[in-house]
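# Observations on chain architecture
Listed here are the chains, written in short residue letters.
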Amino acid sequence: MVSTDRVSVDLSNSLPIHVHGSMRDIGDLRVGIQHDTCVEIISPDSIPYMTLHWMENTGGVVECALTQEQHTSLTENNLKLVLVQMVSSGGNTLCSDSVFPSLKSAHSAKVLLSEVRYVLRPTGVYVGYVDEDHTLTIDIYVTDFGEPAVEKNVTIFRNDKIRNLTPGNGVSAIAESAVTDENGMVSFTFKKTEVIGFPRVYYDRQWPLIKECISSICSADPTGGCKLPIEGQVYMFGYQIANASNTSVYWNVVVLGFSDFTAPEEPTWVQDILPIFARYKRLTHIMDTIVDLEDYNDIILPQNIELLKLAMNRDRFLEADFMPITRDLSFKKTKMVLLWLDNPIYSTPSGIQPEPTDKTCQPPPENLPGSQFPHVSFFPRCQPNIVLKFAENIGAVDRYFSDIKFERKKRRPHIKGRPLKGLVGRFKSRDTCTLEDLQAQLQTALELEFATIPLYLTSLYSFGENCNREADKLITSVIMQEMLHFAQAANLLIATGQYPLIDNETVAPTYPTYLPGGVLPDLYISLKKASLLHIYNTFMGVEVPAETDVGSPPVHAEDTIGQFYDEIKTCISYLYAEGNEVFSSNTSGQVPWPWTSTSGEIGSLVVVTDKDSAFDAINQIITQGEGASKISPEDVSTGKYAHFFRFEEIVCEKRLVADPDTDTYSYSGEAIPFNASEVWPMRDDPTAYNLIPNTNCYTEAKAFHQVYRSLLRSLQETFSGHPNQVT
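Residues numbered from 1 in each chain as written. Predicted model: local features only at pLDDT ≥ 70, side-chain atom pairs only at ≥ 80, totals over all residues. Heavy atoms only, no water.

## A word on the environment of Ala-676
What counts, and what does not: Only DSSP runs of H or I reaching four residues or more are called helices, and only runs of E reaching two or more are called strands; each is numbered from the N terminus. For each residue, the accessible area found with a 1.4 Å probe, counting protein chains only, is set against the maximum for its type, and the residue is called buried under 20%, exposed over 50%, and partly exposed in between.
Here Ala-676 lies in the loop between strand E27 (664-671) and helix H16 (696-718). Overall, Ala-676 belongs to the buried group, its relative accessible area being 12%. For Ala-676 and Leu-532, which are 144 residues apart along the polypeptide, the C-alpha to C-alpha distance reads 8.4 Å.

The structure is reproduced here in structure tokens:
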């Protein structure tokens, strides 16, 4: 601080100390004025900083008298005030007026610190944000040798080129200059002035030291740079006193102008929130100890919802509770996240997907490794007594069929003390059952239906986009009914007074596997891409009826799904004959079928209240899978063919049609072409085992796992007394 006759210098934060807190002796220190050719010493005596308790008694402030000429040198000639160390040689020359008796043998001064006249610094934060609805005001404090600088003209200017980066003109100051008030304060307001593009591109030649650091969060740019996930553009502004050279500026003003963004009315996790939170998870892994930002089910826990609301509602700079990684999230996206936290929708309800408007098939690239697919020329029931031929990569096989036979693997081993699960065989062996037996078998029925859904979905998703359309429709229609069967088995169990178990590692199927409940014990099922051979061996093997004369040759099988459900019906009849009330008339816990508009295509989810309604539900499951009778392939609930015959239509590549004159059926109708080259290659029974972390495959597998677990948890909650969650 400089007055007309005195200067005060604060050294409290400028002098070195020992680790234990005492002052370090760095020699004879004095205050001076630096001229062009010499240093003028203005303190006749050495600063007594080594005196005991000097810092405590003085606060480190040193005062020196000024002459009128010295005051003029500082205030009008803009010379610098300096702290010097007196040395015998090697420093600045002493001015002739600086010869004091106390200088002894010192003949030069080594400048340690210098103080410019004007200092400009923001009074608070010097970074901020603007968008269409928000401006940013920065207050700058200007001092003149420590005193407020009054009526000084301060100008502001773009200063991006200090880092060789020049974004557009999306942000600017409303006024480019302003005059300080009586307190030395001046304010500048910044606003968004034009459309701001999306993330700026950083090039390696500009940022060579952070290439490794940012490589995990940036995406490639066509120009060869690294596109960082910034919600807009960064603009830097400098400021100065007009026509003043002896100034010091502490920090540039940094303004992030947010890109334009329109938030959806109802944001969802998959479409809107996950892309934001997944980026934050990659940036700050320490957050995993609090909440997994990529795990929907972890985030929607009540305590985490409140924690995120608290963190994202705080002031971005002034409150430590604000999530640091979200400071650069735009105001509109922050508002969208907070809106979603009030109603954490997972994904847009879809129901049955509409047919794509673009019917053009997009098959896999021809040069993909392993893109040659097994293709079966003929199957036994499509044209009787025809040789079954396989593609060369499968190996030539000559087999004549006198009766249909499905692929059989090594029979499932019987573990001592653990009989095959289910009533098949167990009820027959003792001609009795209990309510607990029935509940166990209904739980197994749910698991049985569950096992078919991933099996069919995997092959369905292996089709190229809009490829093999008719086969796609047939498989989709079966999957929808399998979902209906899953829900029906759950409702049957709920009607007995017990909630089903769904979100459990013993329930969710793993592949390859056998079907639960002792059903078709020789059939070993695997997840594979779609092929006629896989549909023939596995899909038709799962849905095989106990007996049918539809088509030629006839089919005979044992321990089928239909027979499994027949045993459940037998047990229900036994319990009612014994006078037991098996099912409750209270249906509040049973889940409704959400797609009522398509019930004619899929069937109905029967509300179970008694024996008759239970039999209606079970009969629908049986006929949709195997047909109405030995001589009818139809599903009586929808009038369409049962699953077994729909799959056989794909295998035969022809529609099943009835001949009213002979009262028989044959696969001689409209063509259902199956093009094996329009199927993506895939590993059988894929797992995440041995996938390399951070690769695309690993990331997709992890994302699938999280979505799948979320589905299981939602189903568990829905079928555990919260049926209204179905939308």
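## Observations concerning the environment of Gln-441
Here Gln-441 shows up in helix H9 (residues 435-461). Separated by 126 residues in sequence, Gln-441 and Glu-567 place their C-alpha atoms 9.3 Å apart.

## Side note on the pairing of strand E7 (residues 108-115)
Note the cut-off: Any two strands with at least two DSSP-identified bridges between them are counted as paired.
With seven bridges connecting them, strand E5 (residues 80-87) and E7 associate as antiparallel partners. Note that in E7 the partner of Leu-83 across the bridge is Leu-113.

## Points about helix H7 (residues 331-342)
In plain terms, the rule: By definition here, a helix of n residues has an expected span of 1.5 Å times n minus one.
Over its 12 residues, H7 runs 17 Å from end to end, which matches the ideal 16 Å to within 8%, given 1.5 Å per residue. Among all positions in H7, only Lys-333, Thr-334, Met-336, Val-337, Leu-338, Trp-340 and Leu-341 are buried.

## A look at a nonpolar patch on the surface
The following threshold applies: A patch consists of residues exposed above 30% relative accessible area that lack any salt bridge, with like charges linked at up to 9 Å and nonpolar side chains (Val, Leu, Ile, Met, Phe, Trp, Tyr) linked at up to 5 Å. Residue exposure ignores everything except the shown protein chains as possible cover, and the areas themselves are Shrake-Rupley values with a 1.4 Å probe. For salt bridges, the criterion is a side-chain nitrogen of Lys or Arg within 4 Å of an Asp or Glu carboxyl oxygen.
On the surface, Ile-290, Leu-307 and Leu-310 cluster together into a nonpolar patch covering about 240 Å² of accessible area. Locating Leu-307 in the fold gives a position in helix H6 (residues 302-312).

## A few points about the sheet that holds strand E3 (residues 39-41)
The strand order across the open sheet built from five strands is E3-E2-E5-E7-E6, with neighbouring strands paired in antiparallel fashion. Two strands lie at the open edges of the sheet, namely E3 and strand E6 (92-93), each paired on one side alone. Looking at chain direction, E6 and E7 are connected through two bridges and run antiparallel. From the neighbouring strand, Thr-93 faces E7, where its bridge partner is Ser-108.

## Comments concerning the packing of aromatic side chains
Note the cut-off: For Phe, Tyr and Trp, rings pair up if their centres lie within 6.5 Å, where Trp contributes its six-membered ring, and each pair is then called stacked (planes under 30 degrees apart), edge-to-face (over 60) or tilted (otherwise).
On inspection of all chains with the given rule, the structure shows 22 aromatic pairs. Measuring from ring centre to ring centre gives 6.3 Å for Trp-269 and Phe-277, while their planes differ by 70°; the resulting arrangement is edge-to-face. Using a relative accessible area of 0% as the deciding quantity, one classes Phe-277 as buried. Here Phe-450 and Phe-486 contribute two aromatic rings whose centre-to-centre distance is 5.6 Å and whose plane-to-plane angle is 85°, an arrangement assigned as edge-to-face. With Phe-450 in helix H9 and Phe-486 in helix H10 (residues 469-495), this residue pair connects regions lying 36 residues apart in the sequence.

## What to know about the packing of H9 against helix H11 (residues 532-543)
Between two packed helices, both the angle of their axes relative to each other and the distance between the axes serve to describe the pair. What counts is decided by this rule: The axes used here are C-alpha line fits, helices contributing only the stretch in contact, and every angle between their N-to-C directions lies in the interval 0 to 180 degrees. Oblique is the label for any angle not covered by the other classes, which are roughly parallel (under 35 degrees), roughly antiparallel (over 145) and roughly perpendicular (65 to 115). Note: crossing handedness is left-handed where the near helix turns anticlockwise from the far helix by less than a right angle, and right-handed where it turns clockwise. Every residue pair with non-hydrogen atoms within 4.5 Å of one another is taken to be in contact. The residue classification treats Ala, Val, Leu, Ile, Met, Phe, Trp, Tyr, Cys and Pro as nonpolar and Asp, Glu, Lys and Arg as charged. All others, Gly included, are polar.
At a closest axis distance of 12 Å, the pairing of H9 and H11 adopts a crossing angle of 155°. Here H11 runs roughly antiparallel to H9, going by the angle between their axes. Of the two elements, H9 crosses H11, and the hand of that crossing is left-handed. Mapping the contact onto sequence places Thr-452, Leu-455, Tyr-456 and Ser-459 in H9 and His-534, Thr-538, Phe-539, Val-542 and Glu-543 in H11. Partitioned by chemical class, the residues of the contact of H9 with H11 number four nonpolar, four polar and one charged.

## A look at the sheet that holds strand E21 (residues 253-258)
Overall, mixed pairing links the five strands, which are arranged E9-E21-E19-E12-E14 in an open sheet. The open sheet has two edge strands, strand E9 (127-130) and strand E14 (177-179), and neither has a second partner. In this sheet, adjacent strand axes meet at a mean angle of 25° when their direction is disregarded. For strand E12 (residues 153-158) and strand E19 (residues 232-241), the ladder comprises five bridges, and the chain directions are antiparallel. Bridge pairing in E19 places Arg-158 opposite Phe-237.

## Regarding the side chain of Asp-144
Cut-off, in case you're wondering: Definition of a polar contact: a pair of N or O atoms within 3.5 Å, with one able to donate and the other able to accept a hydrogen when the atoms are protein atoms, and with sequence-neighbouring residues admitted only if both atoms are side-chain atoms.
Relative to the assigned elements, Asp-144 resides in strand E10 (residues 136-144). Polar contacts involving the side chain of Asp-144 include one to the side chain of Arg-117, which spans 2.9 Å. With sequence-adjacent residues up to four places away left out, Asp-144 is seen in contact with Arg-117, Tyr-118 and Ala-149.

## Comments concerning the pattern of salt bridges
Throughout the structure, instances matching the rule amount to 14 salt bridges. As a salt-bridge pair, Lys-332 and Glu-132 come within 3.5 Å of each other at their nearest N and O atoms. A residue pair is termed long-range when its members are at least 10 positions apart, and Lys-332 in helix H7 and Glu-132 in the loop between E9 and E10 qualify at 200 residues. Across the salt bridge formed by Lys-630 and Glu-547, the nearest N and O atoms sit 3.1 Å from each other. Highlighted residues: Lys-630 in the loop between helix H14 (611-626) and helix H15 (643-652) and Glu-547 in strand E24 (residues 547-548), separated in sequence by 83 residues. Take Lys-630: its relative accessible area is 35%, and that puts it in the partly exposed class. When salt bridges that share partners are traced, they join Glu-132, Lys-192, Asp-260 and Lys-332 into one network.

## Description of the side chain of Gln-716
Along the chain, Gln-716 turns up in helix H16. Of the residues examined, Gln-716 reaches a relative accessible area of 16% and is grouped as buried. For Gln-716, the side chain forms a polar contact with the main-chain nitrogen of Ile-502, separated by 2.7 Å. For Gln-716, the contacting residues outside a window of four places in its chain are Pro-500, Leu-501, Ile-502 and Asp-503.

## Concerning a negative patch on the surface
This is how it is decided: Neither His nor the chain termini are counted; the positive set is Lys and Arg, and the negative set is Asp and Glu. Here the site of a charge means NZ on Lys, CZ on Arg, CG on Asp, or CD on Glu.
Among the surface-exposed residues, Glu-581, Asp-610, Asp-612 and Asp-616 lie close enough to one another that they form a single negatively charged patch. On the secondary structure map, Asp-610 appears in the loop between helix H13 (599-602) and H14. Residue classification places Asp-610 among the partly exposed residues on the basis of a relative accessible area of 31%.

## Things to note about the environment of Pro-267
Looking at where Pro-267 falls in the secondary structure, it is placed in the loop between E21 and helix H4 (269-283). In contact with Pro-267, not counting residues within four places along its chain, are Asp-272, Met-336, Leu-339, Trp-340 and Ile-345.

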